[in-house]
Amino acid sequence: MSDTNEQQETVARVWAAMSDLVLRQENRRKEVADTLGMSFFRVKALRRLLAGPMTMRELTAELSTDKPYTTLMVDDLEQRGYVTRSVSPDDRRIKIVALTPPGTAVAERAQRILARPPRSLLALDPEDLAMLDRIMAGLSTPEEQAAGRP
């Protein structure tokens, strides 16, 4: 087997292990949805709004969805008391979505759940953890490096 094939197989194996760790081992998405009693997609919208109010168009783009689905989702979040929708003072055709205090609390709770490291990572030997930290820092994009983010 050529070195290129071996490297591709190694990359595929590493990626599968990383995906399993992030998406399946402790299934934080399901935990968040179950804990908060709503779809993970709605939670994702709340988390995006933590940065500040957005127009419906901006939220639709952030979530990579379509306008009708964003409207349904915002309707539901508004009924739950997690967001408000108001008219832009500059253009009455534009609707602005903002978190309410309960919506902020829910979004922050989701952030805390998602930020909790998996047990397998916590169990790593300190030297292995330091090596993994160096490797992950090397995998960051040039944009993240320029912004000072690993």
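In what follows, the structure referred to is the one given above.
So, how was this worked out
Residues numbered from 1 in each chain as written. Predicted model: local features only at pLDDT ≥ 70, side-chain atom pairs only at ≥ 80, totals over all residues. Heavy atoms only, no water. Helix = DSSP H or I, 4+ residues; strand = E, 2+ residues; numbered from the N terminus. Contact = heavy atoms within 4.5 Å. Pairing = 2+ DSSP bridges. Axes fitted to C-alpha atoms, helices over the stretch in contact; angles between N-to-C directions. Core = buried A, V, L, I, M, F, W, Y, C linked by side-chain atoms within 4.5 Å. Buried < 20%, exposed > 50% of the residue type's maximum accessible area, 1.4 Å probe, protein only. Salt bridge = Lys/Arg side-chain N within 4 Å of Asp/Glu carboxyl O. Parallel < 35°, antiparallel > 145°, perpendicular 65-115°, else oblique. Left-handed = near helix turned anticlockwise from the far one by under 90°. Nonpolar A, V, L, I, M, F, W, Y, C, P; charged D, E, K, R; others polar.

**Student:** Explain the environment of leucine 114 here, please?
**Tutor:** Mapped onto the fold, leucine 114 is located in helix α6 (residues 101–115). Along the primary structure leucine 114 and proline 53 are separated by 61 residues, whereas in three dimensions their C-alpha atoms are 22 Å apart. In contact with leucine 114, not counting residues within four places along its chain, are Arg28, Arg29, Val32, Phe40 and Arg47.

**Student:** Would you explain the sheet that holds strand β3 (residues 95–99) in this entry?
**Tutor:** Two modes of strand pairing occur in sheets, parallel and antiparallel, and in both the strands are linked by backbone hydrogen bonds. Across the sheet, which stays open at both edges, the three strands sit in the order β1-β3-β2 with antiparallel pairing between neighbours. With partners counted over all chains shown, the strands left at the sheet margins are β1 (54–55) and β2 (83–87), one partner each. In the sheet, β2 pairs with β3 via five bridges, with the strands oriented antiparallel. The residue bridging arginine 85 from the neighbouring strand is valine 97, located in β3. Packing of helix α5 (residues 67–79) onto the sheet brings it into contact with β2 and β3, and relative to β2 it is tilted by some 120 degrees.

**Student:** What am I meant to see in the nonpolar core here?
**Tutor:** Across soluble globular proteins, you tend to see nonpolar side chains buried next to one another. Of all hydrophobic cores here, the largest spans 23 residues; its most connected members are Met38, Leu46, Leu59, Leu77 and Val83. Only α2 (28–36), α3 (40–49), α4 (56–63), α5, β3 and α6 provide two or more residues apiece to this core. Among the elements that make up this core, the one with the highest residue count is α3 (five residues). Discounting residues that sit within four places of it in the chain, leucine 77 has contacts with Met38, Arg42, Ala45, Leu46, Tyr82 and Val83.

**Student:** Mind showing me how you'd approach the pattern of salt bridges here?
**Tutor:** A side chain with one charge can pair with a side chain of the opposite charge if their charged atoms come near. One pass over the full model with this rule turns up nine salt bridges. Across the pair glutamate 31 and arginine 116 runs a salt bridge, and its minimum N-O distance is 2.6 Å. Of this pair, glutamate 31 sits in helix α2 while arginine 116 sits in the loop between α6 and α7 (119–122), and the two are 85 residues apart along the sequence. Accessibility expressed as a relative area gives 25% for glutamate 31, which makes it partly exposed. As a salt-bridge pair, arginine 80 and aspartate 76 come within 2.8 Å of each other at their nearest N and O atoms.

**Student:** In this structure, what is going on with the environment of alanine 98? I would like to understand it.
**Tutor:** For alanine 98, the position within the fold is in strand β3. When the C-alpha atoms of alanine 98 and threonine 84 are compared, they prove to be 5.4 Å apart, with 14 residues separating the residues in sequence. Apart from residues no more than four positions distant in its own chain, alanine 98 is found in contact with Pro53, Tyr82, Val83 and Thr84.

**Student:** Could you clarify how one ought to interpret the environment of arginine 92 in this entry?
**Tutor:** You can see arginine 92 is positioned in the loop between β2 and β3. Residue class for arginine 92 comes out exposed when judged on its relative accessible area of 66%. For the pair arginine 92 and tyrosine 82, spaced ten residues apart in sequence, the C-alpha to C-alpha distance is 22 Å.

**Student:** How should I be thinking about the packing of α3 against α4 in this particular structure?
**Tutor:** To characterise two packed helices, one gives the angle between the axes of the helices and the distance between these axes. Their axes nearest at 10 Å, the elements α3 and α4 cross at an angle of 120 degrees. Considered as vectors, α3 and α4 are oriented oblique to each other. At the point where α3 passes α4, the crossing takes the right-handed sense. Note on element contacts: α4 touches α3 through Leu59, Glu62 and Leu63, opposite Phe41, Lys44, Ala45, Arg48 and Leu49. Classifying every residue of the contact of α3 with α4 gives five nonpolar, no polar and three charged.

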